Amino acid sequence: MAIDTTLRTATISVLVENEPGILARVVGLFSGRGYNIDSLTVAPVEDGRNRSRINIVTSGTDMIIEQIKAQLSRLVPVHRVADLSNEGPHIAREMALIKIIGAGEKRVEALRLAEAFRARVVDATTESFIFEMTGNTEKLDAFLELMRPLGLAEVSRTGVAAIARGTRII
Amino acid sequence: MSQTQTAPDAAQQPALQAGAEVLLRALKEQNVEVIFGYPGGAVLPIYDAIFNQNAIRHVLVRHEQAAVHAAEGYARSTGRVGCVLVTSGPGATNAVTGLVDALMDSIPIVCLTGQVPTHLIGNDAFQEADTTGITRPATKHNYLVKRSEDLARVVHEAFYVARSGRPGPVVIDLPKDILINPAPYTAAATTAHRSYRPQTEPDAGQIAKAVAALKGAKRPMIYTGGGVINAGPAASAALIAFTRKTGFPITNTLMGLGAYPANDPQFLGMLGMHGTYEANLAMHGCDVLLNIGARFDDRVTGRLNAFSPNSRKIHIDIDPSSINKNVPVEIPIVGDAGKAIAALIAAWDAEPGDVNRAALADWWKTIEGWRGIDCLKFHQDMTKGAIIKPQYAVQRLYDLTRESGRETYISTEVGQHQMWAAQYFRFDLPNRWMTSGGLGTMGYGLPAAMGVQVAHPAALCIDIAGEASILMNIQEMSTLAQYRLPVKVFILNNQYMGMVRQWQELLHGSRYSESYTAALPDFVKLADSFHGVGLRATSVDQLDDVIREMIASDRPVIADICVDQKENCFPMIPSGAAHNEMILGAGHESRAPGITDAGMALV
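These numbers come from a predicted model, not from an experiment.

Here the focus is the overall build of chain B. Along chain B, the regular secondary structure elements total 24 helices and 20 strands. Taken over C-alpha atoms, the radius of gyration comes to 25 Å for chain B, in line with the 25 Å a tight globule of 603 residues would show. Across its three principal directions, the C-alpha atoms of chain B cover 90 × 65 × 45 Å. The buried share of chain B, taken over its 603 residues, is 61%. Residue pairs in contact within chain B that sit at least 24 positions apart in sequence constitute 76% of those at least 6 positions apart. In the form shown here, chain B has an accessible surface area of approximately 22,700 Å², with 53% of it arising from carbon and sulfur atoms. Taking the 50 positively charged and 58 negatively charged side chains of chain B as two groups, their mean positions are separated by 3 Å.

This part takes up the pattern of salt bridges. Residue and element names in this part refer to chain B. Summed over all chains, the structure comprises 41 salt bridges over all chains. Between Asp-150 and Arg-153 there is a salt bridge, and its shortest N-O distance comes to 3.7 Å. The class for Arg-153 is partly exposed, based on a relative accessible area of 37%.

Residues and elements named next belong to chain B. Read across the sheet, six strands follow the order β3-β2-β4-β5-β7-β6 without closing on themselves; strand pairing throughout is parallel. The strands lining the two open edges of the sheet, one partner per strand, are β3 (57-60) and β6 (141-144). The average undirected angle you get between the axes of adjacent strands in this sheet is 20°. Sheet strands touched by helix α7 (residues 151-163): β4 (82-86), β5 (109-115), β6 and β7 (169-175). Its angle to β7, the strand with the most contacts, is close to 165°.

A word on the pairing of strand β7 (residues 128-135) of chain A. All names here are of chain A. The buried fraction of β7 amounts to six of the eight residues, a majority that puts the element mostly inside the structure. Here strand β5 (residues 90-101) pairs with β7 via eight bridges, running antiparallel. Within the sheet, the bridge partner assigned to Met-95 lies in β7 and is Thr-134. Where strand β6 (residues 120-124) lies against β7, four bridges are found, and the strand directions are antiparallel.

It is worth spelling out the interface of chain B and chain A at this point. Opposite the 21 residues of chain B that make contact, chain A presents 16 residues. Across the interface of chain B and chain A, roughly 1,600 Å² is buried in total on both sides, 57% from carbon and sulfur atoms. Looking at the side of chain B facing chain A, the largest losses of area belong to Arg-136, His-141 and Pro-328 of chain B, adding up to 32% of the total buried there. Summed over the shared surface of chain B and chain A, the result is three salt bridges. Linking Asp-319 of chain B and Arg-74 of chain A is a salt bridge whose minimum nitrogen-to-oxygen distance equals 2.7 Å.

Here the focus is the confidence of the model for chain B. Residue and element names in this part refer to chain B. Mean pLDDT over chain B stands at 95; residues scoring 70 or higher make up 95%. Confidence drops under a pLDDT of 50 for residues 1-8, and excluding neighbours within four residues, the segment shows one contact in the predicted structure. This prediction of the complex comes with two scores: 0.95 for pTM and 0.92 for ipTM.

As a further point, take the packing of helix α2 (residues 19-29) of chain B against helix α3 (residues 44-51) of chain B. All names here are of chain B. Remark: α2 packs on α3, axes separated minimally by 8 Å, with the N-to-C direction vectors making an angle of 60°. It follows from the interaxial angle that α2 and α3 lie oblique. Of the two elements, α2 crosses α3, and the hand of that crossing is right-handed. On α3, the residues touching Ala-20, Glu-21, Leu-23 and Leu-24 of α2 are Pro-45, Ile-46, Ala-49 and Ile-50. For the contact of α2 with α3, the residue count by class is seven nonpolar, no polar and one charged.

A word on the layout of surface pockets. Residues and elements named next belong to chain B. Counted as a void, the second largest pocket has a volume near 520 Å³. Elements that contribute at least two residues to the lining of the second largest pocket include exactly β6 and α7. The leading source of residues in the lining of the second largest pocket is β6, at four residues. The class makeup of the residues in the lining of the second largest pocket is five nonpolar, six polar and ten charged.

Looking now at the environment of Trp-370 of chain B. All names here are of chain B. Mapped onto the secondary structure, Trp-370 falls in helix α15 (residues 357-371). By relative accessible area, which is 16% here, Trp-370 ends up buried. Separated by 58 residues in the primary sequence, Trp-370 and Asp-428 place their C-alpha atoms 23 Å from one another.

All right, on to the nonpolar core then. Residues and elements named next belong to chain B. Membership of the largest hydrophobic core comes to 110 residues, with the highest contact counts inside it found for Leu-239, Phe-242, Leu-290, Ile-292, Ile-314, Phe-490 and Ile-561. Element by element, the count of residues in this core is highest for helix α14 (residues 337-350), at seven residues. When sequence neighbours within four positions are dropped, the list of residues in contact with Phe-490 reads Ala-393, Leu-397, Ile-462, Asp-463, Ile-464, Ala-465, Ile-547, Met-550, Ala-559 and Ile-561. The next biggest cluster of nonpolar side chains, apart from the first, holds 46 residues, and it includes Val-59, Ala-71, Met-450 and Ile-470.

Right, let's talk about the packing of α2 of chain B against α7 of chain B for a bit. Residues and elements named next belong to chain B. The geometry of α2 relative to α7 is characterised by a closest axis approach of 9 Å and an angle of 30° between their N-to-C directions. As judged from the angle between their axes, α2 and α7 are roughly parallel. α7 is crossed by α2, and the crossing has right-handed handedness. Listed contacts from α7 to Gly-19, Val-22, Leu-23, Ala-26, Leu-27 and Glu-29 of α2 are Leu-151, Ala-152, Val-155, His-156 and Phe-159. A class-by-class count of the residues in the contact of α2 with α7 yields eight nonpolar, two polar and one charged.

Another point: the packing of aromatic side chains. Applying the stated criterion across every chain yields a total of 18 aromatic pairs over all chains. Seen from their ring centres, Phe-36 of chain B and Tyr-74 of chain B are 6.2 Å apart, and the 65° between their planes marks the pair as edge-to-face. Of this pair, Phe-36 of chain B sits in strand β2 (residues 34-37) while Tyr-74 of chain B sits in helix α4 (residues 64-78); the two residues are 38 residues apart in sequence, bridging distant segments of the chain. The exposure class of Tyr-74 of chain B is buried, given its relative accessible area of 2%. A centroid spacing of 6.0 Å and a plane angle of 65° characterise the contact between Tyr-496 of chain B and Tyr-512 of chain B, whose relative ring orientation is edge-to-face. Placement of the pair is Tyr-496 of chain B in the loop between β18 (488-493) and α21 (498-507) and Tyr-512 of chain B in the loop between α21 and α22 (523-529), with a sequence separation of 16 residues. Exposure remark for Tyr-496 of chain B: the relative accessible area of 13% places this residue in the buried category. Members of the aromatic cluster, each reached through a chain of ring pairs, are Phe-117, Phe-129, Phe-131 and Phe-143 of chain A. A cation sits over an aromatic face here: Arg-107 of chain A above Phe-129 of chain A, 4.3 Å from the ring centre. Positioned above the aromatic ring of Tyr-496 of chain B is the side chain of Arg-501 of chain B, whose terminal nitrogen or guanidinium carbon lies 5.7 Å from the ring centre.

In this section: the pairing of β6 of chain B. Residues and elements named next belong to chain B. Here four bridges tie β6 to β7, and the two strands are oriented parallel to one another. The residue bridging Tyr-143 from the neighbouring strand is Ile-172, located in β7. Between β6 and its parallel partner β7, the chain crosses via α7, and the hand of that crossover is right-handed.

Looking now at the sheet that holds strand β9 (residues 220-224) of chain B. Sheet strands line up and pair through hydrogen bonds in the backbone, either parallel or antiparallel. All names here are of chain B. The six strands are arranged β11-β10-β9-β12-β13-β14 in an open sheet whose pairing can be described as parallel. A strand with exactly one partner marks an edge of an open sheet, and here the two such strands are β11 (267-270) and β14 (331-334). This sheet shows a mean twist of 15° between the axes of neighbouring strands, independent of strand direction. Packing of helix α9 (residues 204-215) onto the sheet brings it into contact with β12 (288-292), β13 (312-317) and β14, and relative to β14 it is tilted by some 135°.

Each value, and the rule that gives it
- Residues numbered from 1 in each chain as written.
- Chains lettered and ligands numbered in written order.
- Predicted model: local features only at pLDDT ≥ 70, side-chain atom pairs only at ≥ 80, totals over all residues.
- Heavy atoms only, no water.
- Helix = DSSP H or I, 4+ residues; strand = E, 2+ residues; numbered from the N terminus.
- Rg over C-alpha atoms; globule rule 2.2 N^0.38 Å.
- Buried < 20%, exposed > 50% of the residue type's maximum accessible area, 1.4 Å probe, protein only.
- Contact = heavy atoms within 4.5 Å.
- Areas by Shrake-Rupley, 256 points an atom, 1.4 Å probe, with all protein chains shown as cover.
- Lys, Arg positive; Asp, Glu negative; His and termini not counted.
- Charge placed at Lys NZ, Arg CZ, Asp CG, Glu CD.
- Salt bridge = Lys/Arg side-chain N within 4 Å of Asp/Glu carboxyl O.
- Pairing = 2+ DSSP bridges.
- Axes fitted to C-alpha atoms, helices over the stretch in contact; angles between N-to-C directions.
- Buried area = accessible area lost by both parts, 1.4 Å probe.
- pLDDT = per-residue confidence, 0-100.
- Parallel < 35°, antiparallel > 145°, perpendicular 65-115°, else oblique.
- Left-handed = near helix turned anticlockwise from the far one by under 90°.
- Nonpolar A, V, L, I, M, F, W, Y, C, P; charged D, E, K, R; others polar.
- 1 Å grid on protein atoms, 1.4 Å probe; cavity = no way out; pocket = protein on both sides within 12 Å on 5 of 7 lines; lining within 4 Å.
- Points joined across faces, edges and corners; volume = space filled by probe spheres on them.
- Core = buried A, V, L, I, M, F, W, Y, C linked by side-chain atoms within 4.5 Å.
- Phe/Tyr/Trp six-rings, centres within 6.5 Å; stacked < 30°, edge-to-face > 60°.
- Lys NZ or Arg CZ within 6 Å of the ring centre and 35° of its normal.
- Right-handed = clockwise from strand over helix to strand, strands pointing away.

Here you go:
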């Protein structure tokens, strides 16, 4: 069988037992086996069942992504693993807090673009803004690119949270 | 309070015992009969509990690495979970090599490590180490018990995880206060684990596809590994039945030796880097390849893009992550090897039609041609005083152990002697061969043989060793003496790290950089000082007498067999070469040079 060497990006959601060390297990698996992590989010979900959801954006060939799924699945505290990008449509969002420092025309331009991108102003001084913006990774990247010449000083991004569209659950 | 009021409370609240007592009770429930361990400050409460009971035996090793290897030997020769107990800090870090060894070879181990009290964790306390952090990539799973009420549950769960699915080592880190404080006992859970439930039943549809592919084969090949051994003796019996039924040729990996009788005519010998010519050429030339419980390891496949290039591949493995990891396969089957082989037999019988017997006969003719090359032949000069060839030493060891009629278990260290043992000692039963396959740990063999001897007191347990490897855990001779374990150490002594020397000869212009050991000990005196028997053979005429005396002895023996220093391990697939580019030994015409610059960069 020929090996497909095309790289693709995958958004993988992992439902895990919420216990100490689980994030280290997942991250250690990626670093130990040489897989990429482009983005990672983790937080408890499903109150009362003691579970957390980890969303990982990674890239690799189909064979590597299958291998990542299999390796994650065999971790003892892992309940379920789903490759959202390969199992039908899904929604992926991240949030960013973006600090712009500047004055004059650039400051006005930054505010105008922020409105066009539906970013919210969550803090302002006479020399700075902090925008809060939610969207997919591409939208955030595009906005940050525009802000770069307009006084972009600091960014804090959450990483991707993702979920399948429709009635499908992982 | 009256008795009638307290009674319901007492029934609901399980009786409390010290944590160490609860631990031992849980180990008993898990049928632990022996612990290999070494005491220290953090585990003193456990040692106190051990002192006060007789059900579980403790074997005091001389180094924590050896404790894990001994437990591995115990586990591999019995099919049970091996149990280890070490202290915090250096006790735990010394155990790490053994844990990785067990992880790589899928050996079920539960390793109890001491830890500083919970309130000191993270304070750089005396003999504190981040054991769960250090052992996370060294184990299948690990636990830090921080609450007394979790203790019993965690112990039961650790044994379940160690033995289920693809077996492996599990660490339980036990802070000292948890061992002292009262803890409740809970019995092992009877319900399924909340997240870890490996699939053991093979999919019937995939089995049917596999049988269809196998029945359509003209040049079939069966390749089996440690998964068949781990699935228990019944899996080996099923493998024999299936192989005989089909008439197919079969090869075993280093880890899988003994699953199929080595003396059976359908067995082509071990495959891989130092496998037989016929096994590797059959792998290269087959049209349907059935892999049962092996993982397409780089020592087996050689250059991946030239590995078995024209075959349809079926892969049975209990670990889904082993499938399509190195080699893409057409028919993956996730499940226990024993259950899968049984399903293959049933489906084979149910499916009408037979394999093309004429084509199979032709295939066997081709294989017999390869076999005719006799790739393992060597020349032993039999004149009195002649130097002993290492291959001959292993062959005589095999012959004479068979002649003795004793139940024989073989362990090895790592290097040339290991490959010669795999090539020339022929295993007819599973669980008789203990070797460090994945990690390649020098110093494995002596403690592993010790663990085997503990499990099988009447059996003949032999560590086939090299003089370099044996020094890595030689201190265990003292353990052998203490427990009167009559392990035999059979050293093929060429004064070199033989495999290093061989690679330097073949790949580095014979520049033998640091591979010669000057000032070796006198192994005969060494044995004597460890209360054992030391024997030596320096020429071929002495060999049989030394082996016979070694076998007959009821004490630990070191047999120092001085062998030809220049001998290399052949056949060999050089790193980066394909199966059909093997180098044969002296006396054979080499088929292809095989060694490339790209291959030199590989290990």
